[in-house]
Amino acid sequence: MDTFVTFTILGLVLGSVYAIAASGLVLTYNTSGIFNFAHGAQAMLGAFLFWQLKYGWELPTPVALIITVGVAGPLMGLLLYALIMRGLRDTAEVTKIVVTVSIMLGMLSLSQWFWHPEDPRTMKMFFGDESRFSFFGATIHTHEIICLVVAVLIAVGLRFLFTRTRVGVSMRGVVDDPDLLRLNGHNPERIAAFSWALGSTLAVLAGILVTPISGGTLEANMLTLLVIDAFAAAMFGRLRSIPRTFVGAIVLGLAGTYVLGYFPAEWTWTSNLRVSLPMIALFVVLIVLPHDRLRGAAVRTRERYSVPSVRKAVAWGVALIVIVYLVRLLMVESAITTLTLGVSFAIIALSLTLLTGYAGEMNLAAVSFGAISTIVAFHFGISGTGLAARMNLWGLILGTLAAAVIGGLVALPALRLRGLYLALATMAFGVFLSNMVLRDTTEHELFGVKFSIFTGGSLVIPPIKIGPLDLSNQTAFLMTATALFVVLAIGVIALRNSGYGRRLAAMKDSPAASAMLGQNLVKLKLSVFMLSAGIAGLGGILMSSAIGAVSNENFSIMISLTVLMLTVVAGIGYVTGAFFGGIMAGVGFAVIMVSFNNLAAGQPELEGLWTFMGHLAAVSPALIGMSVGKNPSGAVHDVIEGYRHLRKAVPVLIGGAAVVAVSYVLALTGVLDNWWFATIAIVTVFMLPVVGQMVMPAAVLGEEEAAARRGTSPEDIGVDEPYTADRLAELDRELELPASVTEHTAVTQFGEPSIAATPKEAIVHA
């Protein structure tokens, strides 16, 4: 009985904290339509800030609470809405998800900037761990009572807010019909901003309350994922009902503690199951609960992609192989492995182009399929031992097939899902795989056969050898991975240009219309999921082989989210976007970080500056991701459009190519440092369209556009062209006349008040 009471109370306390966090999530989603993946990171930042105020600067607890919960929490929500969320209108679901994921990653980097992750930090319960009393034989801490009371007060307060106050009724109105609410004199923007402030406050409060009852240790990743468990509770309420959300949170809390309390102690996977339970519940709830009907009309968004022909793709693929080989000639041996790792990530990112860019389906756990293929290849595809060990062709084939099959199995129950729900389902799968499979390092016995899934917690993946092709040679590995990316990219483009690709595009634009035209959506979704998972699995094997020895951390959900974010930033509708996104995920920022660390170590007098630059580089991917709302089509789209206008400016193209070629020759002969060559090449590629507009505007922009951009010099205003209000104002500015004169300039000069007062009608010729 004592055990039951103890675990029941612990479950209620944990569930109450889940409820607080989940209710904030429901609030923000209801009023803005944006599912905030950064909710857990907000809770984490709030907990760190409270620790700094209370333990770091030793402020009294009430003061620290008021500053954190009363000021920082609402301010964080208001800033997020005003600066970022409000600009996400008319963007696709994946863009909204990526922006909030970017915020989450940015907050994680920010926490490590100000609070070094290697410094231990703990937070005690309110009134101390010794403040406790007995209840039916169970020991209850005062902190736990506070959690329960706060959860009840918030539930009652939210109920009162929504049913008895004008603001609450308006918030419900925003959910039902924001346009009708606006017609009745309310401001939906202001209501949404208030909801984000309130939701952020609840997240911060949950972070402060949950840290002591989960061990008291402040660790950024763990705390962020801990509050993400509240996603399952929010789904219990279908992201709409606060009461059902609270019930779901309590059920989750109780289930977790009962598993820990009553499952046999000899079951080695009990602890992993306890950690995975919220994600399992999330997956089951997503599958079981009813969802909205398929939308019948195409949704117009700001994303625009164009797919090249297969012939162009082949030409660009050959060019990429040549470029990579030329770049390899400049590299030292260690850098070749790093670039190979980046190309492997590019193959994983390519799976997202097919699935999300072409088919409109989402997968937040692409790297997890790489983990599956790596495990299969490790157990069934390695020949030889020691330094002579090699991965054979069967390892590649079996690993890729296993990832494709598991992808189909994951997609099969999730086929009725789409958009956000599908994204959450794949995320739940990724976290479940990480907690239950990749942490399973113990030995099992089945039908007399002993085995372990993730042997020793680290898998050593040897180089690949297929016939005479031995990838233990770094150059051979790099060029093989690049060629493989090119072949897969051409295949993906050919697929998009085929009838199958057009069916995928139709399903992406309007699933209901596609179904009415006789398309089998189940077969389409299942096939594209399996293809995508197989590509990600192949990329995962290459990534593991490039690293050499992989652990659980190499396949964490955070890495999957980072790959998705950088691919969307580059342009998820382009295979080029996949290449740049993968390179940046696998190489770019890691190289930049290492470079700044080396500079700090080599120049002690400038250590502060280089350390600051390193932290800034760590946060920069998230800052770039947040900008996706401004340019949802991705950076590659802008570059392609820029070079499309540059086709008639041949001298500019030749000049740019000459600059890169000369820089390369200088770098190859040792006259120019490799970093200078890389900088010159990158700047030239991205700035050439701008330079073209400046040097040959007529060829790049066209005669009419170039003339419009040139404008009219002040002395030509009024000569063979009509006066307008803007021209008169410009003329007055040039003549340094007061602004009041502008309204009467034409009247004074031409004595026609009616003409001067209506400049659009004033046609005055010199």
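Quick caveat: nothing in here was measured; it's all calculated off a predicted structure.

(A) Quick peek at the overall build of the chain. For the chain, the count of helices and strands is 33 helices and ten strands. The long-range fraction of contacts in the chain, counting pairs at least 24 apart against all pairs at least 6 apart in sequence, stands at 76%. When the accessible area of the chain is evaluated, it comes to approximately 35,600 Å², of which 66% is carbon and sulfur surface.

(B) Quick look at the pairing of strand S2 (residues 138-141). For strand S1 (residues 132-135) and S2, the ladder comprises four bridges, and the chain directions are antiparallel. Residue pairing for S2: Ser-134 is matched across the bridge by Thr-139.

(C) Quick look at helix H5 (residues 142-164). Counted at 1.5 Å a residue, the expected span for H5 with its 23 residues is 33 Å, and the 32 Å between its end C-alpha atoms agrees. Residues His-143, Glu-144, Cys-147, Ala-151, Ile-154, Leu-158, Leu-161 and Phe-162 constitute the buried set of H5.

(D) Structural context of the environment of Gly-407. Here Gly-407 shows up in helix H16 (residues 393-414). When the C-alpha positions of Gly-407 and Ile-372 are compared, they lie 9.8 Å apart, and in sequence the two are 35 residues distant. Aside from chain neighbours lying at most four places away, what touches Gly-407 is Phe-369, Phe-529 and Ala-533.

(E) Quick peek at unusual backbone geometry. Phi at Glu-58 takes a positive value of approximately 55°, unusual for a residue other than glycine. Of note, Glu-58 is situated in the loop between helix H2 (39-56) and helix H3 (61-83). In this structure Glu-58 comes out as exposed when scored by relative accessible area, which is 65%. Unusually for a residue other than glycine, Phe-127 sits at a positive phi of about 70°. Looking at the secondary structure, you find Phe-127 in the loop between helix H4 (93-114) and S1.

(F) Highlighting the nonpolar core. Ranked by size, the top nonpolar core spans 182 residues in total, and within it Phe-35, Phe-37 and Phe-485 carry the most contacts. In contact with Phe-35, other than residues within four places in its own chain, are Leu-25, Tyr-29, Thr-100, Phe-231, Leu-239, Leu-420 and Leu-424.

(G) Here's a closer look at the confidence of the model for the chain. Mean pLDDT over the chain: 80, with 85% of residues reaching 70 or higher. Per-element mean pLDDT across the chain ranges from 44 in helix H33 (residues 753-757) up to 92 in helix H18 (residues 474-497). For residues 742-766, every residue scores under 50 in pLDDT, and the model assigns this stretch 27 contacts once sequence neighbours within four places are set aside.

The rules behind each value
Residues numbered from 1 in each chain as written. Predicted model: local features only at pLDDT ≥ 70, side-chain atom pairs only at ≥ 80, totals over all residues. Heavy atoms only, no water. Helix = DSSP H or I, 4+ residues; strand = E, 2+ residues; numbered from the N terminus. Contact = heavy atoms within 4.5 Å. Areas by Shrake-Rupley, 256 points an atom, 1.4 Å probe, with all protein chains shown as cover. Pairing = 2+ DSSP bridges. Expected span 1.5 Å × (residues − 1). Buried < 20%, exposed > 50% of the residue type's maximum accessible area, 1.4 Å probe, protein only. Core = buried A, V, L, I, M, F, W, Y, C linked by side-chain atoms within 4.5 Å. pLDDT = per-residue confidence, 0-100.

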